[in-house]
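If you want the building blocks of each chain, they are given just below.
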Amino acid sequence: MDRTLAAMRHGSIPGASGRVRPLTLLGDPVLHTACEEVTDFGPGLARLVEDMFATMYAAQGVGLAANQIGVGKRVFVYDCPDDDDVRHLGHVINARLVEADGETVRGPEGCLSLPGLEAGTPRFDHAVVEGVDVRGEPVRVHGTGWFARCLQHECDHLEGSVYTDRVTGWRRRRVLRAAARASWNTV
């Protein structure tokens, strides 16, 4: 929270200069394809991150991967609390999930690419992601609880999968049936 207040004082609220982009919905091939490494760290990347924050906030999400707005690059943004209600805010470029361990917890999980749906999804309660920021500086993000779930969810997107790929049995059947009937599904 202190970092966010400092950013506000300096006029650099994430997404403030971004534009809201349309969300990519379940079934779009970009969501089911592994994202490419970012190699160009120019102004276009900074614009992409700003647009991602603006889009995430407009959709009332806690995380967003680039392929969720149709860009097949290894980028995600987050503004997510952990189980102690500590706010975590940032972005990771060329993100890799390097640790996922601890207890496996099945909890409700949703996705901005499947609006209005959720399913009990198993995730580890601890995760570590490594990558770089928009300037190419190394980033290592540790998450526990709800934030660990967010980190794993976004890294799954970068690998071309969605949370429904982790759900099995009746939970999977139920959420996929609901997705097929959803008003946003055009397939």
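Throughout this description, residue numbers start from 1 for each chain and increase along the sequence as written. Whole-chain, interface and lining totals are the exception, using all residues; otherwise, since this is a predicted model, local features are given only for residues with pLDDT of at least 70 and side-chain atom pairs are given and counted only at 80 or more. With hydrogens and water stripped out, all remaining heavy atoms of the structure feed into the side-chain values.

Draft legend 1. Inspection of helix α3 (residues 145-158) at higher detail. Across its 14 residues, α3 extends 21 Å between first and last C-alpha, which sits within 8% of the 20 Å expected from 1.5 Å per residue. Where helices and strands are cited, they refer to DSSP runs of H or I of at least four residues and of E of at least two residues respectively, numbered from the N terminus. Positive phi appears at G160, one or two residues downstream of α3, with a value of about 90°. Each residue after the first adds 1.5 Å to the expected span of a helix.

Draft legend 2. The arrangement of the side chain of S113 in detail. Looking at the element boundaries, S113 is found in the loop between β3 (87-110) and β4 (118-132). Looking at S113, its side chain comes within polar contact range of the side chain of Q68, at 3.1 Å. Residues count as neighbours in contact if any of their non-hydrogen atoms are within 4.5 Å of one another. Those residues in contact with S113 that lie beyond four places of it in its chain are T24, L25, L26, L31, Q68 and W184. Each polar contact in these results corresponds to two N or O atoms within 3.5 Å; when the atoms are within protein, one needs to be able to donate a hydrogen and the other to accept it, and residues that are neighboring in sequence are counted only if both atoms are side-chain atoms.

Draft legend 3. Region of interest: the pattern of salt bridges. A pairing counts as a salt bridge when a side-chain nitrogen of Lys or Arg comes within 4 Å of a carboxyl oxygen of Asp or Glu. Taken as a whole and judged by the stated rule, the model has 15 salt bridges. Between E159 and R96 there is a salt bridge whose closest N-O contact spans 3.5 Å. Here E159, found in the loop between α3 and α4 (169-181), pairs with R96, found in strand β3; they are 63 residues apart in sequence, far enough to count as distant. For R96, a relative accessible area of 37% gives the class partly exposed. In the salt-bridge network here, residues are joined through shared partners; they are E109, R123, R149, D156 and R166. With a 1.4 Å probe rolled over the protein chains alone, any residue whose accessible area is under 20% of its type maximum counts as buried; one over 50% counts as exposed, and the rest are partly exposed.

Draft legend 4. Quick peek at the sheet that holds β4. The pairing criterion for strands is at least two bridges between them, as found by DSSP. Overall, antiparallel pairing links the 5 strands, which are arranged β1-β2-β3-β4-β5 in an open sheet. A strand with exactly one partner marks an edge of an open sheet, and here the two such strands are β1 (63-65) and β5 (138-144). The average undirected angle you get between the axes of adjacent strands in this sheet is 30°. Note: β3 against β4, 13 bridges, orientation antiparallel. Bridge assignment links R96 to a residue of β4, and that residue is E130. Each axis is a line fitted through C-alpha atoms, taken for helices only over the stretch in contact, and angles between the N-to-C directions span 0 to 180 degrees.

Draft legend 5. Looking closely at the UniProt feature "active site" (unreviewed entry) in the chain. Look at the UniProt record and you will see "active site" (unreviewed entry) annotated at E154. Residue position: E154 is located in helix α3. UniProt positions are given in the numbering used here, feature names are shortened, and annotations may be inferred rather than shown by experiment.

Draft legend 6. Structural context of the pairing of strand β2 (residues 75-81). Extensive coverage of β2 is indicated by the burial of 6 of its 7 residues. Relative to β2, β1 runs antiparallel, the two sharing 3 bridges. Residue L64 lies in a different strand from β2, and its bridge partner there is V77. Sheet topology places β2 next to β3; 7 bridges connect them, and they run antiparallel. Residue pairing in the sheet places Y78 in a bridge with G90 of β3.

Draft legend 7. View of the layout of surface pockets. Of the volumes computed, that of the second largest pocket is approximately 250 Å³. Put plainly, a pocket is an open set of points on a 1 Å grid over the protein atoms alone with protein on both sides within 12 Å along at least five of seven lines, a cavity is a set where a 1.4 Å probe fits but cannot get out, and a lining residue has an atom within 4 Å of a point. V62, G110, C111, W146 and H153 are the residues nearest the centre of the second largest pocket, which is lined by 16 residues in total. For the lining of the second largest pocket, the secondary-structure elements that each account for two or more residues are β3 and α3. Among the elements that make up the lining of the second largest pocket, the one with the highest residue count is α3 (5 residues). All residues other than Ala, Val, Leu, Ile, Met, Phe, Trp, Tyr, Cys, Pro, Asp, Glu, Lys and Arg, Gly among them, are scored as polar; the first ten of these are nonpolar and the last four charged. Class assignment of the residues belonging to the lining of the second largest pocket gives a composition of 7 nonpolar, 6 polar and 3 charged. Grid points are joined across faces, edges and corners, and a volume is the space filled by probe spheres set on the points.

Draft legend 8. Fine view of the UniProt feature "binding site: Fe cation" (unreviewed entry) in the chain. According to UniProt, the feature "binding site: Fe cation" (unreviewed entry) maps to C111, H153 and H157 in the numbering used here. On the basis of their most widely separated C-alpha atoms, the annotated residues across 47 residues gather in one place, lying no more than 10.2 Å apart. Cross-referencing the annotated residues with the second largest pocket identifies C111 and H153 as lining it. As for its placement among the helices and strands, C111 is situated in the loop between β3 and β4. Sequence-distant contacts of C111, defined by excluding residues within four places in its chain, comprise Q68, L117, H153, H157 and Y163. Structurally, H153 is set in helix α3. Not counting residues within four places of it along the chain, the set of residues in contact with H153 comprises E109, G110, C111, R123 and Y163.

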